[in-house]
Amino acid sequence: MNGRPPSTGIMRAMEFKKVGSPLEMVERAMPAPGASQVVVQVAACGVCRTDLHVVDGDIRGLRPIVPGHEIVGRVVAMGDAVTRFDLDDRIGVPWLGATCGECRYCRTRQENLCDAPQFTGFSVDGGFASHALAEADYCFALPPAIDDAHAAPLLCAGLIGYRAFGQIGDAQTIGFYGFGASAHILAQIATSLGCTIAAFTRPGDEEGQEFARGLGCAWAGGSDVTPPFELDAAIIFAPVGALVPLALSAVRKGGTVVCAGIHMSDIPAFPYELLWGERKLRSVANLTRADGEAFFAAIADLPVRTRIERFALDDANEALDKLRNGRIKGAAVVVP
């Protein structure tokens, strides 16, 4: 595979500078790829709850920064050392942008816990832009049957949901607390594998509950309601610590509760009896490249389709506001 001279010209990007201020459209020089990097012309970029945590100041990284870490696009330039992709290949760029390769976690196949990672849209610029720079070895080839906009949410919402799903073993009855981008993808995977899903939404969100039932969930109700059947496991997608004791109270003895978000409000005190009975409480942090390869191989044979709402690049702030206020059913996607 032969590289190409770095792209020239100007790119556009929505830049985050300060908490409380909207993203600003800026023009920048087109990036030049390093030896191991690719320049991607962005076709679509999903809007993830983690992007909200970045712009709302819940987690603090590099500023100014271009958010967005669910990137789908075409390779338009690449470094001489890139061998995984060629020019014009369609690829996906995820949250995990790079790892050190040297710490104890990288050496033991736990690169999601790397001590010195780079994260797309957090410590390196992301995909709310016309173009993005990425490390080729951390990108993925994408299933050709899924178009750009519908593929974008798979790069984080799909990946992190799939990793969380892998933490609950052979659980058959599963509760999803928060039915947004991740849950609506995982519900399709889990039900196609014969699992019974209880979907928990914000109390009173009847539209969201109907959405969940339409994707095959056996039951849907408010997070303040006890489901009509005992759960083997629960996955908490909403960043609400108060859901932890509720989920523990809903799972059977020996069951597992997984916290799937990168940020969560404080977990309130709860009686030990909710944890007793060998119930397990654990978190999911980031993802590995192996997770991505396994996920895209798995969905090749499953009927998974994302529900999306499209926004122009200039309207990225509107997409973030709608997500913040719970007015997105499925996933928001920015299309430059």
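Residues numbered from 1 in each chain as written. Predicted model: local features only at pLDDT ≥ 70, side-chain atom pairs only at ≥ 80, totals over all residues. Heavy atoms only, no water.

### Details of the overall build of the protein
So, step 1. In terms of helices and strands, the protein carries 9 helices and 17 strands.
So, step 2. Expected size for 336 residues packed as a compact globule is a radius of gyration near 20 Å; at 20 Å, the protein falls within 12% of this value.
So, step 3. Viewed in the frame of its principal axes, the protein has a C-alpha envelope of about 60 × 40 × 35 Å.
So, step 4. Taking all 336 residues of the protein together, the buried fraction comes to 54%.
So, step 5. The long-range share in the protein, meaning contacts at least 24 apart out of those at least 6 apart in sequence, stands at 69%.
So, step 6. Once the 30 positive and 38 negative side-chain charges of the protein are each reduced to a mean point, those two points are 2 Å apart. (Helix = DSSP H or I, 4+ residues; strand = E, 2+ residues; numbered from the N terminus. Rg over C-alpha atoms; globule rule 2.2 N^0.38 Å. Buried < 20%, exposed > 50% of the residue type's maximum accessible area, 1.4 Å probe, protein only. Contact = heavy atoms within 4.5 Å. Lys, Arg positive; Asp, Glu negative; His and termini not counted. Charge placed at Lys NZ, Arg CZ, Asp CG, Glu CD.)

### Some words on the sheet that holds strand S12 (residues 219-222)
Hydrogen bonds along the backbone pair up the strands of a sheet, which may run parallel or antiparallel.
So, step 1. Pairing in this open sheet of 6 strands is parallel, and the strands run S12-S11-S10-S13-S14-S15 from one edge to the other. Each edge of the open sheet is held by one strand with a lone partner, namely S12 and strand S15 (280-283). Across the sheet, the axes of successive neighbouring strands diverge by a mean angle of 20°, strand direction being ignored.
So, step 2. In terms of strand pairing, strand S10 (residues 173-177) meets strand S13 (residues 231-236) through 4 bridges, oriented parallel. Within S13, the position partnered with Gly 175 by the bridge is Ala 234.
So, step 3. Taken strand by strand, helix H7 (residues 243-250) contacts S10, S13, strand S14 (251-259) and S15, and its axis lies near 150° from that of S14. (Pairing = 2+ DSSP bridges. Axes fitted to C-alpha atoms, helices over the stretch in contact; angles between N-to-C directions.)

### Notes on the environment of Gly 127
So, step 1. With respect to the helices and strands, the residue Gly 127 is situated in the loop between strand S7 (118-119) and strand S8 (131-135).
So, step 2. Its relative accessible area of 0% is what places Gly 127 among the buried residues.
So, step 3. Counting along the chain gives 113 residues from Gly 127 to Met 14, while the straight-line C-alpha distance between them is 8.9 Å.
So, step 4. Non-local contacts of Gly 127, meaning those with residues more than four positions away in its chain, are made with Val 42, Cys 45, Pro 67, Gly 68 and Ile 71.

### Let's talk about the environment of Pro 203
So, step 1. The residue Pro 203 is located in the loop between strand S11 (196-201) and helix H6 (206-214) in this model.
So, step 2. On a C-alpha basis, the gap between Pro 203 and Ile 328 in space is 16 Å, while along the polypeptide they are 125 residues apart.
So, step 3. Those residues within four positions of Pro 203 in sequence are excluded, and the remaining contacts are Gly 222, Ser 223 and Asp 224.

### Brief notes about the packing of helix H4 (residues 157-165) against helix H8 (residues 289-299)
So, step 1. Running from N to C, H4 and H8 cross one another at 95°; their axes reach a closest spacing of 10 Å. The angle between H4 and H8 places the two elements in the roughly perpendicular class. Between H4 and H8, the residues in contact are Gly 158, Leu 159, Tyr 162 and Arg 163 and Asp 291, Gly 292, Ala 294, Phe 295 and Ala 298, respectively.
So, step 2. Counted by class, the contact of H4 with H8 contains 5 nonpolar, 2 polar and 2 charged residues. (Parallel < 35°, antiparallel > 145°, perpendicular 65-115°, else oblique. Nonpolar A, V, L, I, M, F, W, Y, C, P; charged D, E, K, R; others polar.)

### Quick word on the pattern of salt bridges
So, step 1. Tallying each qualifying case throughout the model produces 15 salt bridges.
So, step 2. A salt bridge links Asp 56 to Arg 324; the shortest N-O distance between them is 2.7 Å. Of this pair, Asp 56 sits in the loop between helix H1 (49-55) and strand S4 (71-78) while Arg 324 sits in helix H9 (residues 316-324); the two residues are 268 residues apart in sequence, bridging distant segments of the chain.
So, step 3. The salt bridge involving Arg 163 is made with Asp 291; its shortest N-O contact spans 2.7 Å. Of the two residues, Arg 163 is situated in helix H4 and Asp 291 in helix H8; the sequence distance between them amounts to 128 residues. When sorted by exposure, Arg 163 lands in the same class as Asp 291, which is buried.
So, step 4. Taken together, the salt bridges that share partners define one network made up of Glu 15, Lys 17, Glu 24, Arg 28 and Asp 125. (Salt bridge = Lys/Arg side-chain N within 4 Å of Asp/Glu carboxyl O.)

### Comments concerning H4
So, step 1. Across the 9 residues that make up H4, a large majority, 8, are buried.
So, step 2. Residues of H4 that are buried: Ala 157, Gly 158, Leu 159, Ile 160, Gly 161, Arg 163, Ala 164 and Phe 165.
So, step 3. Close packing links the buried residues of H4 with strand S9 (140-141), S10, helix H5 (181-192), S13, S14 and H8.

### Comments concerning the environment of Asp 321
So, step 1. Tracing the backbone shows Asp 321 in helix H9.
So, step 2. Each C-alpha atom of the pair Asp 321 and Leu 52 lies 8.8 Å from the other, and the pair is 269 residues apart in sequence.
So, step 3. Among the polar contacts listed, one links the side chain of Asp 321 to the side chain of Arg 324, at a separation of 2.6 Å. (Polar contact = N/O pair within 3.5 Å; in protein donor to acceptor, adjacent residues only side chain to side chain.)

### Describing unusual backbone geometry
So, step 1. Put simply, Arg 63 and Pro 64 share a cis peptide bond, and its omega is -5°.
So, step 2. Looking at where Pro 64 falls in the secondary structure, it is placed in the loop between H1 and S4.
So, step 3. A positive phi angle is found at Asp 88, which is not glycine, with a value near 75°.
So, step 4. When you line up the elements, Asp 88 lands in the loop between S4 and strand S5 (90-93).
So, step 5. Non-glycine residue Glu 278 carries a positive phi angle of around 60°.
So, step 6. Position of Glu 278 among the secondary structure elements: in the loop between S14 and S15.
So, step 7. For Glu 278, a relative accessible area of 69% translates into the label exposed.

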